[in-house]
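Read off the chains here:
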Amino acid sequence: IDENETSEEKMIYSSSVMSMVKLLEMEEYLKVNLDLYVQEMQSKLELIKLYQDSLKRETLTTLEEKEEYMSNPLNAFPLLRRLNQDWPKWLRYMKLAISSKKIKEIEVQLKSAPSDDDLKIALKGMTRIEKFYNQHAEDLTKGYLLGKKLNSHLTAPDCVALGNYYYNQTQFSGSTHWYRMALRLHTNPKGMIYEKVLGLKRKRIYKKYAKALLMESIAADKSKLTSTEKSEWNRLAKEVTRDDNYENVKKVIDEYLTGDEKIFQEVAAKLKRKPSKLQRGCRGEWPPKSSPELICRYNRDTSAFLKLAPLKLEILSVQPVILLYHDVLYENEFKSMRDAAIFNASMIDGWTYYDFDQKGNPKWQDRVVKTIGFQGTTAPFTLSINRRLGYMSGLEMRENMMLYLTNYGLGGNFRKHFDYVELAKRPPNFFADSGGDHIATAVLYASDVPLGGTTVFSKLKLAVQPKKGNALVWFNLNHDGKPDPLTEHSVCPVVLGSRWTISKWFHERQQVFKKPCLA
Ligand SMILES: O=C(O)CCC(=O)C(=O)O
Ligand SMILES: [Fe+2]
């Protein structure tokens, strides 16, 4: 994760649960305005209805009846007067804009609504959850996350957006399930809203679904098609989406819509790639570690202070050293840090990148978190946390008090990486200028994450679930100061929860007089 100034760009909400809270507040405000708008519209409607009532009279069909009616001056005079005086005024009243002030306010609010980029990041987060944890469209639609039933669900427009996202990336077998869900949910009375206001035509979804099925059967998600395949696909796609063919296509798809989801899921399973090692780790498929060296005890050794207040320590790995401490972060420390971050400063987007372009520049990829660095000793919490991290690691940190506070976003993750700088990639004055390599890393878990968000060391098959108050400390360099590739680690996509961490990278240089006193 790196920091990048993004001042000119629009605010991104989906990269942090905390910033998405603003969206909730935005919609609450919009709803208030909508309520007022509806109220005004209703009272206008009631007034017009009163006028309608006043216009009622018996039906007059024949010319004789009409003539008789108008021969009565008490009928003729009011009618004449009304047409001259009242109707033009009613017309004016009907034309009068309803609640133009409220509409203006909604317009202003929507200027800070999430951008297309933001939606793309959210879609990517959703599909990351779907793929990483092998979730099915139907389960997500019905409110199941990793088998846990939640009191929420997706709608037809949500499903279409997800289907289109896959479709546009030529991942057709990913899109078909979402189109099928969309059609199942596109029923009246809500279907009327989709058709008339959102422009989400049922007919168009049928066609898109048909095209995706066709493409899936021809190409099975191959990114490169031969020219014969391509022309065959184009010919068939035209055939399928021809208007006079619509009824046939619809008939076939309607059968799909009543089909058993289990069958679709079995077919999908055959098309899916085998899970990666990391994905298996994230799915909790690794057995728990046990070995005589891996013990729990109280750490009373790394500081005189700990003799009075020992820290609960669990040794997760000996080579490389990975320690899990329990109950080492206080709620009020985290709260004051978070408040400082969200009220007095602003957290910025953090990215996870996976690649370099041809010139060797990093290609930024996936905005996944919001983060902020707390330098030095400005607030009491940075001092107390740093002191405790000193006890936990046995390391010195006077030159480097920096702590990072991070909040993950929708499906937020952290790709596989090392915290050290590979020897070959070190700049000339690395040791003097940057304080040397990141000898160790500490991650304090500041929140529970009910689903996903596991810290995973793939090469060690070690997975650690965040637990509020716990801290993970590991050494990226071996005792001889060489990077240890076994420390490669990742954060699994967050599925449910707002993942907060306070992290620190310990610098190498300032440890020269202090041998790490390891367990
Ligand atoms: O949050 C985590 O679990 C790990 C974060 C991490 O890899 C880092 O801060 O370098
Ligand atoms: Fe890391």
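Residues numbered from 1 in each chain as written. Chains lettered and ligands numbered in written order. Predicted model: local features only at pLDDT ≥ 70, side-chain atom pairs only at ≥ 80, totals over all residues. Heavy atoms only, no water.

## Some thoughts on the packing of aromatic side chains
Any pair of aromatic rings gets described here by the distance separating the centres and the angle formed by the planes.
Reasoning step 1: With the rule as written, the count across this model stands at 15 aromatic pairs.
Reasoning step 2: Considering the side-chain rings of Trp-90 and Tyr-93, the 5.7 Å spacing of their centres and the 90 degrees angle between planes classify their relative orientation as edge-to-face. Of this pair, Trp-90 and Tyr-93 both sit in helix H3 (residues 73–95), three residues apart, which is roughly one turn of that helix.
Reasoning step 3: Ring geometry for Phe-374 against Phe-381: centres 5.6 Å apart, planes inclined by 85 degrees, an arrangement best described as edge-to-face. (Phe/Tyr/Trp six-rings, centres within 6.5 Å; stacked < 30°, edge-to-face > 60°. Helix = DSSP H or I, 4+ residues; strand = E, 2+ residues; numbered from the N terminus.)

## Section: the coordination of the iron ion (ligand 2)
Reasoning step 1: For the iron ion (ligand 2), the protein coordination sphere consists of His-417 (NE2), Asp-419 (OD) and His-489 (NE2), at 2.0 to 2.1 Å.
Reasoning step 2: We note that the donor set of the iron ion (ligand 2) lies within a single chain, spaced as H-x1-D-x69-H. Placement of the pair is His-417 in strand E12 (residues 414–417) and His-489 in strand E18 (residues 489–491), with a sequence separation of 72 residues.
Reasoning step 3: According to the relative accessible area criterion, His-417 is buried, its value standing at 9%. (Donors = N, O, S within 2.8 Å, 3.2 Å for Na, K, Ca; no water. Buried < 20%, exposed > 50% of the residue type's maximum accessible area, 1.4 Å probe, protein only.)

## Regarding the domain arrangement of the protein chain
Reasoning step 1: Each assigned domain of the protein chain is listed here: domain 1 (17–110), domain 2 (135–274) and domain 3 (296–511).
Reasoning step 2: Between the C-alpha centres of domain 1 and domain 2 the distance comes to 42 Å. (Domains from an automatic or database assignment.)

## Quick notes on the site of ligand 1
Reasoning step 1: Tyr-408, Phe-414, His-417, Asp-419, Val-443, Thr-455, His-489, Val-491, Arg-499, Thr-501 and Trp-505 make up every residue found near ligand 1.
Reasoning step 2: A distance of 2.6 Å separates an oxygen atom of ligand 1 from a polar atom in the side chain of Thr-455.
Reasoning step 3: Trp-505 is positioned such that a nitrogen or oxygen atom in its side chain is 3.4 Å from an oxygen atom of ligand 1.
Reasoning step 4: Among the elements of the structure, E12, E18 and strand E20 (500–507) are those that each provide at least two residues to the shell around ligand 1. (Near = heavy atom within 4 Å. Polar contact = N/O pair within 3.5 Å; in protein donor to acceptor, adjacent residues only side chain to side chain.)

## Focus on the environment of Ser-490
Reasoning step 1: Along the polypeptide, Ser-490 turns up in strand E18.
Reasoning step 2: Accessibility expressed as a relative area gives 0% for Ser-490, which makes it buried.
Reasoning step 3: Each C-alpha atom, one on Ser-490 and one on Cys-282, is 9.6 Å from the other, the two residues being 208 residues apart in sequence.

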